[in-house]
There are 2 protein chains.
Amino acid sequence: MSQLKIKQKGNGYAVASVGNLATFGGKDFLKDALSLTGMEVSFGTLAAGEAVPFNHKHKQNEELYIVLSGTGVFTLDGEDIAVESGDAVRIDPNVVRCNRNTGATPFTYICIQAKANSLEQCTATDGVIL
Amino acid sequence: MSQLKIKQKGNGYAVASVGNLATFGGKDFLKDALSLTGMEVSFGTLAAGEAVPFNHKHKQNEELYIVLSGTGVFTLDGEDIAVESGDAVRIDPNVVRCNRNTGATPFTYICIQAKANSLEQCTATDGVIL
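We now turn to the structure provided with this report. The written sequence of each chain sets the order in which its residues are numbered from 1. Chains and ligands are labelled sequentially in the order written, the chains with letters from A and the ligands with numbers from 1. In keeping with the predicted nature of the model, local features appear solely for residues at pLDDT of at least 70, side-chain atom pairs appear and are counted solely at 80 or more, and the whole-chain, interface and lining totals rest on all residues. The side-chain values count all of the structure's non-hydrogen atoms but skip hydrogen atoms and water molecules.

### Some details on the overall build of chain A
Then, number 1: Helix and strand counts for chain A come out as 1 helix and 12 strands.
Then, number 2: By definition, any uninterrupted DSSP run of H or I lasting at least four residues is a helix, any uninterrupted run of E lasting at least two residues is a strand, and each is numbered from the N terminus. Traced from its N-terminal end to its C-terminal end, chain A shows the element sequence β-β-β-α-β-β-β-β-β-β-β-β-β.
Then, number 3: Across its three principal axes, chain A shows a C-alpha extent of roughly 45 × 30 × 25 Å.
Then, number 4: Burial status follows relative accessibility: with a 1.4 Å probe on protein chains alone, a residue under 20% of its type maximum counts as buried, one over 50% as exposed, and anything between as partly exposed. The burial tally for chain A puts 55% of its 130 residues in the buried class.
Then, number 5: By definition in these notes, contact holds between two residues if any of their heavy atoms fall within 4.5 Å. Long-range pairs, those at least 24 residues apart, make up 60% of the contacts in chain A with a sequence separation of at least 6.
Then, number 6: Only the protein chains shown count as cover for residues, with accessible areas throughout obtained via the Shrake-Rupley method and a probe of 1.4 Å. Total accessible area computed for chain A in this model is approximately 5300 Å², and 51% of it derives from carbon and sulfur atoms.

Below, the structure is given as structure tokens:
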């Protein structure tokens, strides 16, 4: 049950909401809602006992998973890695990945995709203080 | 008081932690810790009454802010936009931005930078199901 809604669009910006993250459920993708051009970002939840039902890898995109709540395991090229709130997992395109909830509460995370090696500068070298 | 720590590095992946997000404080950047190549991702908190003390814009990077908890305002080219948990704000490079906490509790958010127009494909067109 997606709660994704576009709240506001302006000249050079857009705002969407997936609802309060403390009670987030389902799976929502932001790219189309926000007209993102440099990344795709999704929110996902796995219920207790649930796993992503397939392994996958990527052609050119780096992925970063940020765990918001719950506990789970990422399996990366066959290796299990336990994660919890505040953990961030960077995965190169060609690594085979899957993840599952290993706790009794929802396992909720953000997944960010961006083209590997596309970032040329950031923060102090890309930002302009006014 | 950063709690950022590198937990694990493997062939094609890396795991870091900023600590439990329910009690996150300070400001932490992930790019160097995780060797990210397509994005910079940071976690930030503003205390009650606190604001980012400067306006800024970017040269080439799109930014996406995801609000984890608390309430705040983003000022984008002079326009105030109220945000709360689950809101996501896309901002084009040239938009002048600032943000502040407008509530009584910490205002905590993730900021993602990626090069504008760098994403060529994603999800179904970049992912390979195995």
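### A look at the pairing of strand β9 (residues 87–91) of chain B
On a regular strand, each side chain points to the face opposite its neighbour's, so the side chains alternate between the two faces of the sheet.
Residue and element names in this part refer to chain B.
Then, number 1: With 5 of 5 residues buried, β9 is to be regarded as a mostly interior element.
Then, number 2: Burial along β9 is two-sided: the face carrying D87, V89 and I91 and the face carrying A88 and R90 are both buried.
Then, number 3: Sheet topology places strand β6 (residues 61–69) next to β9; 4 bridges connect them, and they run antiparallel. Each bridged residue has a counterpart across the sheet, and for L64 the counterpart in β9 is R90. In this description, strands pair whenever DSSP reports at least two bridges between them.

### Section: the relation of the copies chain B and chain A
Then, number 1: Here the copies are superposed with least squares, the fitted atoms being C-alpha atoms of residues at a pLDDT of at least 70 in both. Here chain B sits on chain A after a turn of 180 degrees about the axis and a move of 0.0 Å along it, with an RMSD of 0.0 Å. Each copy turns onto its partner about a two-fold axis.
Then, number 2: The residues that chain B uses at the interface reappear at the interface of chain A in 100% of cases, marking a shared surface.

### With respect to the interface of chain B and chain A
Then, number 1: Contacts between the two partners involve 71 residues from chain B and, on the opposite side, 71 residues from chain A.
Then, number 2: Buried area is understood as the total, over both parts, of accessible area removed when two parts are fitted together, assessed with a 1.4 Å probe. Carbon and sulfur atoms make up 56% of the area that chain B and chain A hide from each other, which totals about 6200 Å².
Then, number 3: Its largest share of buried area at the contact with chain A, chain B owes to Y13(B), R90(B) and L119(B), together 11% of the area lost on that side.
Then, number 4: A side-chain nitrogen of Lys or Arg and a carboxyl oxygen of Asp or Glu constitute a salt bridge if their distance falls within 4 Å. Our enumeration of links across chain B and chain A arrives at 4 salt bridges.
Then, number 5: With a shortest N-O distance of 2.9 Å, D87(A) and K7(B) are connected by a salt bridge.
Then, number 6: In protein, a polar contact requires one atom able to donate a hydrogen and another able to accept it; more generally it is a pair of N or O atoms within 3.5 Å, and residues adjacent in sequence count only if both atoms are side-chain atoms. Where chain B meets chain A, there are 54 residue pairs in polar contact (both at pLDDT 80 or more).
Then, number 7: Of all the elements, β6(B) adds the most residues to the side of chain B that touches chain A, at 6 residues.
Then, number 8: Two strands pair when backbone bridges link them, and strand β9 (residues 87–91) of chain A and strand β2 (residues 13–17) of chain B are joined in this way by 5 bridges, in the antiparallel orientation. Looking at the pairing, A88(A) lines up with A16(B) of β2(B).

### Points about the packing of aromatic side chains
For any pair of aromatic rings, geometry is given as the distance between the ring centres together with the angle between the planes.
Residue and element names in this part refer to chain A.
Then, number 1: Two aromatic rings from Phe, Tyr or Trp, using only the six-membered ring of Trp, form a pair when their centres are within 6.5 Å; if the ring planes differ by under 30 degrees the pair is stacked, by over 60 it is edge-to-face, and anything between is tilted. Under the criterion given, the structure shown has 12 aromatic pairs over all chains.
Then, number 2: Note on F24 and F43: the rings are 5.8 Å apart at their centroids and 50 degrees apart in plane angle, and the pair reads as tilted. Of this pair, F24 sits in the loop between β2 (13–17) and β3 (27–29) while F43 sits in strand β4 (residues 40–46), placing them 19 residues apart in sequence.
Then, number 3: A relative accessible area of 0% places F43 in the buried class.

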